[in-house]
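# Inside the fold
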Amino acid sequence: MRVMNVGKALALVAAVAIMAGCSSTSTRTGAGDTSGAAGTGTGTDGASAYGAGTGAGVSGVGLEEVATLRTVFYFDFDRSVVQQEGFADLEAHARFLSRNPSVSVRLEGHADERGSREYNMALGERRANAVERLLVVNGAAANQIEAISYGEERPAVTGSHEGAWAQNRRVELKYVTR
Amino acid sequence: MMKKLIAILTLMLTSTWLQAQLVVEVTQGVDSPSPVAVVPFNWSGTSPLPEDIAQVVSQNLERSGFFRMMSRDNMLSFPSRGDQVFFRDWRISSTDYLVIGRVEPVGGDQVSITFEVYDVLKEQRIVSQQVAGTTGSLRDAGHYISDVIFEALTGIKGAFSTRIVYVTAEQLAQDRQRFRLQIADWDGMRPRTILESSEPILSPSWSFDGSKIAYVSFETTRPSIYVQHLATGRRERIQSFPGLNGAPAWSPDGNRMALVLSKDGNPEIYVLNLNTRELDRMTHNSAIDTEPFWAPDGRSLYFTSDRGGSPQIYRLDMSSRNVERVTFEGNYNARGRLTQDGRFLAMVHRGQSRRFQIAVQDLQSGRIDILTNSDYDESPSIAPNGSIIIYATQQGNRGVLAAVSLDGRVRFTMPAPSGDVREPAWSPYLQ
Amino acid sequence: MEIRGYIVPSLKALAVHLLVIVTVSGYWFDHSKPEHRTPRHIQAQMVDLSTLQQAPQQNQQAAQQAEEQRRAEQQRQAEQQRLEQQRAEQQRAEQQRQAEVQRAEQQRVEQQRVEQQRAEQQRAEQQRQAEQQRIAEEARRNEQELAARREAEARQKAAEEARKAEEAERKRQQELAAQKAAEERKRQEAQAKAEAEAKAQREAAEARAREQQRQAEAERVQAEAAAAAAAAQAAAAQAANVVVADISSYIAGMLQRNWQIPSTARNGMQAVVSINLLPNGEINSVDIHTSSGDAVFDRSAVQAVLRTERFPRVAEIDPILFERRVRRTLVTFRPEGLRW
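In this report, the structure presented in the accompanying data block is examined. (Residues numbered from 1 in each chain as written. Chains lettered and ligands numbered in written order. Predicted model: local features only at pLDDT ≥ 70, side-chain atom pairs only at ≥ 80, totals over all residues. Heavy atoms only, no water.)

Per the secondary structure count, chain C includes 7 helices and 3 strands. Each of the 340 residues in chain C was classed as buried or not, and the buried ones make up 18%. Of the contacts made within chain C by residues no fewer than 6 positions apart, 74% connect residues no fewer than 24 positions apart. (Helix = DSSP H or I, 4+ residues; strand = E, 2+ residues; numbered from the N terminus. Buried < 20%, exposed > 50% of the residue type's maximum accessible area, 1.4 Å probe, protein only. Contact = heavy atoms within 4.5 Å.)

Now for the packing of helix H5 (residues 178-258) of chain C against helix H7 (residues 319-326) of chain C. Residues and elements named next belong to chain C. At a closest axis distance of 11 Å, the pairing of H5 and H7 adopts a crossing angle of 65°. Like other packed secondary-structure pairs, H5 and H7 cross with a definite hand, here right-handed. Together, Ala240, Asn241, Val243, Val244 and Ile247 of H5 and Leu321, Arg325 and Val326 of H7 make up the contact between the two elements. A breakdown of the residues in the contact of H5 with H7 according to their chemical character gives 6 nonpolar, 1 polar and 1 charged. (Axes fitted to C-alpha atoms, helices over the stretch in contact; angles between N-to-C directions. Left-handed = near helix turned anticlockwise from the far one by under 90°. Nonpolar A, V, L, I, M, F, W, Y, C, P; charged D, E, K, R; others polar.)

Under the criterion given, the structure shown has 55 salt bridges over all chains. Between B:Arg139 and B:Glu51 there is a salt bridge, and its shortest N-O distance comes to 3.1 Å. Pair noted here: B:Arg139 is in helix H4 (residues 138-154) and B:Glu51 is in the loop between strand S3 (42-43) and helix H2 (53-63), with a separation of 88 residues, a long-range link. Of the charged contacts, one joins B:Glu170 and B:Arg178 as a salt bridge, the two residues approaching to 3.3 Å between their closest N and O atoms. Classification of B:Arg178 as partly exposed rests on a relative accessible area of 22%. Salt bridges linked by common partners bring A:Arg106, A:Glu108, A:Glu146, A:Arg170, A:Glu172, A:Lys174 and B:Arg222 together as one network. (Salt bridge = Lys/Arg side-chain N within 4 Å of Asp/Glu carboxyl O.)

Turning to the sheet that holds strand S2 (residues 104-110) of chain A, a few remarks are in order. All names here are of chain A. Strand order in the open sheet made by the 4 strands is S1-S4-S2-S3, with mixed pairing throughout. At either margin of the open sheet sits one strand with a lone partner, and together these are strand S1 (72-74) and strand S3 (145-151). The sheet shows a mean angle of 20° between the axes of neighbouring strands, taken without regard to direction. The pairing of S1 with strand S4 (residues 170-176) spans 3 bridges and is classified as antiparallel. Bridge pairing in S4 links Val72 to Glu172. (Pairing = 2+ DSSP bridges.)

Residues and elements named next belong to chain B. Across the sheet, 4 strands lie side by side as S10-S9-S8-S31; this open sheet has antiparallel pairing. Sheet topology places strand S10 (192-197) and strand S31 (420-426) at the edges, where each strand pairs with a single neighbour. Direction aside, the axes of adjacent strands within the sheet are offset by 20° on average. With 10 bridges joining them, strand S8 (residues 163-173) and strand S9 (residues 176-185) adopt antiparallel strand pairing.

As a further point, take the nonpolar core. Residue and element names in this part refer to chain B. In this structure, Met257, Leu301 and Ile389 are the most contacted members of the largest nonpolar core, which totals 50 residues. When residues of this core are assigned to their parent elements, the largest contribution, 5 residues, is made by strand S16 (residues 256-261). In this structure, Leu301 is in contact with Ala258, Ile269, Val271, Met282, Pro292, Phe293, Trp294, Tyr314, Arg315, Leu316 and Met318, ignoring residues within four places of it in sequence. In terms of nonpolar packing, the next biggest core, distinct from the first, is built from 43 residues, Ala54, Ala184, Phe412 and Trp426 among them. (Core = buried A, V, L, I, M, F, W, Y, C linked by side-chain atoms within 4.5 Å.)

Residue and element names in this part refer to chain C. On the surface, a nonpolar cluster with roughly 460 Å² of combined accessible area is contributed by Ile7, Val8, Leu11, Leu14 and Leu18. Turning to its location among the elements, Ile7 is positioned in helix H1 (residues 2-28). Residue Ile7 is classed as partly exposed on the basis of its relative accessible area, which comes to 42%. (Patch = residues over 30% accessible without salt bridge, like charges linked within 9 Å, V, L, I, M, F, W, Y side chains within 5 Å. Areas by Shrake-Rupley, 256 points an atom, 1.4 Å probe, with all protein chains shown as cover.)

What follows deals with the packing of H2(B) against H4(B). Residues and elements named next belong to chain B. Viewed as axis vectors pointing N to C, H2 and H4 meet at an angle of 45°, and their least axial separation amounts to 8 Å. Comparing their axes, H4 and H2 come out oblique. Here H2 runs over H4; the crossing is right-handed. Of the residues in H4, those in contact with Ile53, Val56, Val57, Gln59, Asn60 and Leu61 of H2 are Leu138, Arg139, Gly142, His143, Ile145, Ser146, Ile149 and Phe150. Split into classes, the residues belonging to the contact of H2 with H4 amount to 8 nonpolar, 5 polar and 1 charged. (Parallel < 35°, antiparallel > 145°, perpendicular 65-115°, else oblique.)

Quoted interface sizes are often the accessible area lost when the parts come together. Taken together, the 35 residues of chain C in the interface contact 40 residues of chain B. When chain C packs against chain B, close to 3,400 Å² is buried across both sides, 49% of that on carbon and sulfur atoms. Scanning the region where chain C abuts chain B turns up 3 salt bridges. Salt-bridge contacts for C:Arg307 lead to B:Asp96; the nearest nitrogen and oxygen are separated by 2.1 Å. Viewed at the interface, chain B and chain C are joined by 19 residue pairs in polar contact (both at pLDDT 80 or more). Among the secondary structure elements, those contributing two or more residues to the side of chain C that touches chain B are H5, helix H6 (295-308), H7 and strand S3 (328-333) of chain C. Top element by residues in the side of chain C that touches chain B is H5(C). It accounts for 9 residues. Looking at the side of chain C that touches chain B, its residues break down into 16 nonpolar, 9 polar and 10 charged. The pairing of strand S1 (residues 21-26) of chain B with S3(C) spans 6 bridges and is parallel. What sits directly across from B:Val26, in S3(C), is C:Phe333. (Buried area = accessible area lost by both parts, 1.4 Å probe. Polar contact = N/O pair within 3.5 Å; in protein donor to acceptor, adjacent residues only side chain to side chain.)

Written as structure tokens, this is what we have:
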């Protein structure tokens, strides 16, 4: 499993150079509305969250480099395998993280509304872990990444139809400062 | 010779006796609730009472699904004492049972409530009781009276004095949500918020004596397990490891709590000793193991796992740590709950229909019955008397609570407060 | 050397002696040898004739004897064959004779059967004829009777008319001679009397015939009634069972519509309720006969009966059957097909 991931990652490293430029414009819209743009950093998700998480913007680091990358990654029902289309962007995120050890990311796993809530909580975490592994094998350090699951508690889109569900089965990648 | 004669004589007598009687066998009946009339209770005080006890009783009995209530408009008389009851009148209107009562002021806000239950067909009084209360606790009195009547008429202990806890979610703005943990009467009335947060709250669970509630809150943006004392409102965070901290479940003896942690990289079931704070890992599997709940005897844990490829319910023996699969029908069985007698397993089930429905499995026979009929039913919780399952469902794009009798005969939706309502948990019997 | 000189002659002498003994022994042991040979003789009988012909080369005497025996045997066989043939012929003759006898017997039986048939036919014919005759006679009698009656009626009518005419005549001729009137009256009376007598006789005969007919009819009816009664008695018992079974399922059906199975009911629970019915189908009393052990279940059973109030079709049952079988009815409430 691990070997295969490395293999895939190596293949991606080669592919990224070619693909990064072409895909940059389309990913921005997909990520923009859900994450509130990577540039503003963390804490914009929960309204009045107590405690940690609400940091100021991440300044001093060239976040522009990843601003155009996809930050939401989608999954099939009851599955925690990252879809192929997200590989390139994850690789770019990983490279960025490896070059900037002071930057860290929070991976928020989500599930669609169907099924039981605690099981979906576990499913969301498994998805976040899947993304985390991809980042790590591509150069990011484990201590730069926090994986968390919201289960079905924070849907991106409301509604009980496959269109909404498909957008809710996701992992959101958010940059945070230490 | 004498013996033989007696034998023959006996045989003859028996055969003639058998001949003398027509023997009829009835194996089928009607599947309809018994008609009951609850006459408005007579109030001999001056100022009007804040609560209509007869109305509370009537609604309770009707919501139980066991009874069909007679409308007050159809009542020919409003007796409040036995000597005022004319059975013929009630019989004509096809009433099986009659409930009458009266409330008398005792002094201050103290009242004395007397109620009687009659079997109209037999023209017999079944129950007569006097209850002391205050004008402020008439609803409690109504629930108590409902419990007494329910048990007298069905043989099942009433659960109308129990409570439910549930979570509501409101979308205040595009990015702002409000989550509330609320406690209400079993029928959803008199809701009281015990926690409010902008971050998700889930998996509320009653302690076995009904004095505390454990739940998961994301108030720190990470999930943690809290225990809140209902009497004082005091609460403590008892588990906050990296990763998942979820699905708390009190053991029947109240000393332990089963929960889910992913601190070791994968969601696993643990048992926390609440006295020593020792953690005991129960499952060792790379699959998802979650949603633990205790068998009533505390000797085994049931939980949801996808170790077989799809979520199914498994049983773990506490002493041997052996795990066996419990559900086999359908490709999704999760969030199980057991009846107090340990015989029936209620769960979220998805079978041929591809819908998520509440089903109940008879653990003796293995038979599964699907009780609900909508697409996204979840979070079943069983009344302590095992007669009704409360669950979360959707109504017009909104989450609401509904209830279904364990035999599937009766389904009804609870009155919905604002927002999405979800994750109901039924309290044990309360003192 | 000397000894060798003796050996040859003595051997020769021995040979001669032996030869003599052998030659003579044929006569000496003439009686004993055939007994020993017997098996061989039997063997020879079984073997082919050609092997027999080889035998003489070995021993002429034996062959001769064998030949003699064979001939004797042949002769015996021929004799036997002849005898057998004779016997067979006799048998054939006997068979023939028997066949003949049988045939004769058959013929006789056939004849008898035919005769019997014919006799039966004849008898039937006779019967038929007799019947016809009887019918004809009856018809004739009927006709005669009818004719007689008709005649009598006509006569009566005529007499009446005549009487009227006579009276008219009498009235008309009242003034005529008294003697003539008396004479006339006498004659009239005599005639009337004869008429009446004849009529009475006729009527009596008719009455007798009618009585006979009535009696025969009564007898027939009685016989029929007796047969019917026997059949009816058997049928009645069965009919009663049918009625009881029918009323049983009817009562079960009524109760089923009124039994609200309580939620506490489980498959296998059973309560027996005793109902006392009135002849009009109303319920006189209901009691728990055998409790299920569950008060709510028992009550539901009693309520099912009380809610039913009345079984209208019970009123249609024969009163005796009602008393015997229906008045006290036991109802077993035993739910089936419950979820658990």
